[in-house]
Amino acid sequence: MAPWQVKRLKLHIENSISRPIALHELAALTQLSTSYFSAAFKISFGLPPHAYVIERRVAFAKNRMLTSDAPLCEIALDCGLADQAHLSRVFRRVTGTPPSVWRRSQREPSAAAGAE
């Protein structure tokens, strides 16, 4: 893909992270057919479109968990997932850890450093 297509896709995915993102929608942004788009996306991003979007959703969820005290059910909806159970399945598949455990583990080092 051309640099303008990659840039446009990244921006669109980041701005649309809280809602479903269809393959045909992404293909239209790059002015490519959906079949050609899928192959070109994988070459340019190293992942299929769906896997890339899932990774971005998990990254968004991680950021929200670190920067807010929002409940996981709210974070799930904010990053475009159906509910907390969906967030837990996706997050665990990507990171190997449930979101609640990950959040706790990220907060413990800073709490322990403040106690010293």
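Description of the structure in this document. (Residues numbered from 1 in each chain as written. Predicted model: local features only at pLDDT ≥ 70, side-chain atom pairs only at ≥ 80, totals over all residues. Heavy atoms only, no water.)

Turning next to the overall build of the protein. Per the secondary structure count, the protein includes seven helices and zero strands. Overall, the protein is about 55 × 30 × 20 Å in size when its C-alpha atoms are taken along their principal axes. Among the 116 residues that make up the protein, the fraction classed as buried is 34%. When contacts within the protein are restricted to residue pairs at least 6 apart in sequence, long-range pairs at least 24 apart make up 53% of them. Surface exposure of the protein reaches about 6,800 Å², of which carbon and sulfur atoms provide 56%. (Helix = DSSP H or I, 4+ residues; strand = E, 2+ residues; numbered from the N terminus. Buried < 20%, exposed > 50% of the residue type's maximum accessible area, 1.4 Å probe, protein only. Contact = heavy atoms within 4.5 Å. Areas by Shrake-Rupley, 256 points an atom, 1.4 Å probe, with all protein chains shown as cover.)

This next bit is on unusual backbone geometry. Although it is not a glycine, Q31 adopts a positive phi angle of roughly 60°. By the element assignment, Q31 lies in the loop between α2 (23-30) and α3 (34-45).

Moving on, we come to the packing of aromatic side chains. Taken as a whole and judged by the stated rule, the model has five aromatic pairs. A ring pair is formed by F37 and F41, whose centres lie 5.5 Å apart and whose planes are at 55°; its orientation type is tilted. In this pair, F37 and F41 both sit in helix α3, four residues apart, roughly one turn of the helix. Of the two residues, F37 and F41, neither departs from the other in class, the shared state being buried. (Phe/Tyr/Trp six-rings, centres within 6.5 Å; stacked < 30°, edge-to-face > 60°.)

This part covers the packing of helix α1 (residues 3-15) against α3. For the pair α1 and α3, the least separation of the axes is 12 Å and the interaxial angle reads 90°. Considering their axes alone, α1 and α3 lie roughly perpendicular with respect to each other. On α3, the residues touching V6, L9 and K10 of α1 are F37, F41, S44 and F45. Class assignment of the residues belonging to the contact of α1 with α3 gives a composition of five nonpolar, one polar and one charged. (Axes fitted to C-alpha atoms, helices over the stretch in contact; angles between N-to-C directions. Parallel < 35°, antiparallel > 145°, perpendicular 65-115°, else oblique. Nonpolar A, V, L, I, M, F, W, Y, C, P; charged D, E, K, R; others polar.)

A few words now on the layout of surface pockets. Roughly 190 Å³ of internal volume is contained in the largest pocket. For the lining of the largest pocket, the elements supplying multiple residues, two or more each, are α2, α4 (49-67) and α6 (84-95). Of the residues forming the lining of the largest pocket, the biggest block, five residues, is contributed by α4. Partitioned by chemical class, the residues of the lining of the largest pocket number ten nonpolar, three polar and two charged. (1 Å grid on protein atoms, 1.4 Å probe; cavity = no way out; pocket = protein on both sides within 12 Å on 5 of 7 lines; lining within 4 Å. Points joined across faces, edges and corners; volume = space filled by probe spheres on them.)

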